[in-house]
Amino acid sequence: MRELVEKGILFDFYGELLTDHQKEIYSDACFNDLSLSELSETYGISRQGIHDLIKRCDRTLEEYEQKLGLIAKFHLILENTEAMNEIIDRIEKSSSEASILRDCEELKSFTGRILDEI
């Protein structure tokens, strides 16, 4: 299951960099759960050819992530944003000016990390 989720995330980020033909077959194989035989019949390609295309797409998508790191950056930004929301909640509940100032400094630290990533 985890492998399917990882494939989905890679495809969401980098799928548009595949050819239309690759996108169709990869999507049908991974997300529509078509078998190699079904794909072979649908696309007029041997089962081995379908298998090779799917493996090649997997490698290509993984290489894009290794080179560009967009998913890793996305996760980092997500984590920092969640931490910032927690600080904002603390600020909303805080009555101490010193505490608010400290939390604001911490927020600036997180925004700085996000800006460094983008």
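Just above, that's the structure.
Before going into details, it helps to say that this report is about the structure given with it.

What counts and how
Residues numbered from 1 in each chain as written. Predicted model: local features only at pLDDT ≥ 70, side-chain atom pairs only at ≥ 80, totals over all residues. Heavy atoms only, no water. Helix = DSSP H or I, 4+ residues; strand = E, 2+ residues; numbered from the N terminus. Expected span 1.5 Å × (residues − 1). Contact = heavy atoms within 4.5 Å. Buried < 20%, exposed > 50% of the residue type's maximum accessible area, 1.4 Å probe, protein only. Salt bridge = Lys/Arg side-chain N within 4 Å of Asp/Glu carboxyl O. Core = buried A, V, L, I, M, F, W, Y, C linked by side-chain atoms within 4.5 Å. Phe/Tyr/Trp six-rings, centres within 6.5 Å; stacked < 30°, edge-to-face > 60°. Lys NZ or Arg CZ within 6 Å of the ring centre and 35° of its normal.

Quick notes on helix α1 (residues 2–14)
Side chains three or four residues apart in an α-helix point the same way, a direct result of the helix having 3.6 residues per turn.
Inference 1: The first and last C-alpha atoms of α1 sit 18 Å apart over 13 residues, in line with the 18 Å expected at 1.5 Å per residue.
Inference 2: The inward-facing, buried residues of α1 abut α2 (20–30), α4 (47–68) and α5 (70–93).

Things to note about the environment of Y26
Inference 1: Structurally, Y26 is set in helix α2.
Inference 2: Not counting chain neighbours up to four residues away, the residues in contact with Y26 comprise K7, F11, F31, I54, C57, D58 and L61.

Some points on the environment of L36
Inference 1: When you line up the elements, L36 lands in helix α3 (residues 36–43).
Inference 2: For L36, a relative accessible area of 26% translates into the label partly exposed.
Inference 3: For the pair L36 and L61, spaced 25 residues apart in sequence, the C-alpha to C-alpha distance is 20 Å.
Inference 4: In this structure, L36 is in contact with R47, I50, H51 and I54, ignoring residues within four places of it in sequence.

Observations regarding the pattern of salt bridges
Inference 1: Tallied over the full model, the rule gives six salt bridges.
Inference 2: Residue R2 is joined to E6 by a salt bridge in which the shortest nitrogen-to-oxygen separation is 3.1 Å. Residue R2 and its partner E6 are both found in helix α1; the two are separated by four residues, about one turn of the helix.
Inference 3: Overall, R2 belongs to the exposed group, its relative accessible area being 66%.
Inference 4: Judged by relative accessible area, which is 39%, E6 ranks as partly exposed.
Inference 5: A salt bridge links K7 to D58; the shortest N-O distance between them is 3.4 Å. You can see K7 sitting in helix α1 and its partner D58 sitting in helix α4, a full 51 residues away along the chain.

Observations concerning the nonpolar core
Inference 1: Residues Y26, I54 and L61 are the most contacted members of the largest nonpolar core, which totals 15 residues.
Inference 2: Going through the elements one at a time, α1, α2 and α4 are the ones with two or more residues in this core.
Inference 3: With five residues, α4 is the largest single contributor of residues to this core.
Inference 4: Once you skip the residues sitting within four places of it in the chain, I54 turns out to touch I25, Y26, A29, L36 and L39.
Inference 5: The next biggest cluster of nonpolar side chains, apart from the first, holds seven residues, and it includes A83, I87, I91 and I114.

So, unusual backbone geometry
Inference 1: Located in the positive-phi region is D33, a residue other than glycine, with phi close to 55°.
Inference 2: With respect to the element layout, D33 can be found in the loop between α2 and α3.

Points about the packing of aromatic side chains
Any aromatic ring pair is given by two values, namely how distant the centres are and how the planes are angled relative to each other.
Inference 1: Under the defined criterion, the tally for this structure stands at six aromatic pairs.
Inference 2: Both rings, one in F13 and one in Y14, keep their centres 6.3 Å apart while their planes meet at 45°; by these two values the pair is tilted.
Inference 3: F13 sits in the partly exposed class, given a relative accessible area of 32%.
Inference 4: We classify Y14 as buried; its relative accessible area is 1%.
Inference 5: Taken together, a centroid distance of 6.4 Å and an interplanar angle of 80° make the contact between Y26 and F31 edge-to-face.
Inference 6: Under the relative-accessibility criterion, F31 is labelled partly exposed at 34%.
Inference 7: One aromatic cluster is present, built from ring pairs that chain together F13, Y14, Y64 and F74.
Inference 8: Across from the ring centre of F110, 4.6 Å away, lies the NZ or CZ of R113, which sits over that ring.

The values reported here are purely geometric and, on their own, carry no functional implication.
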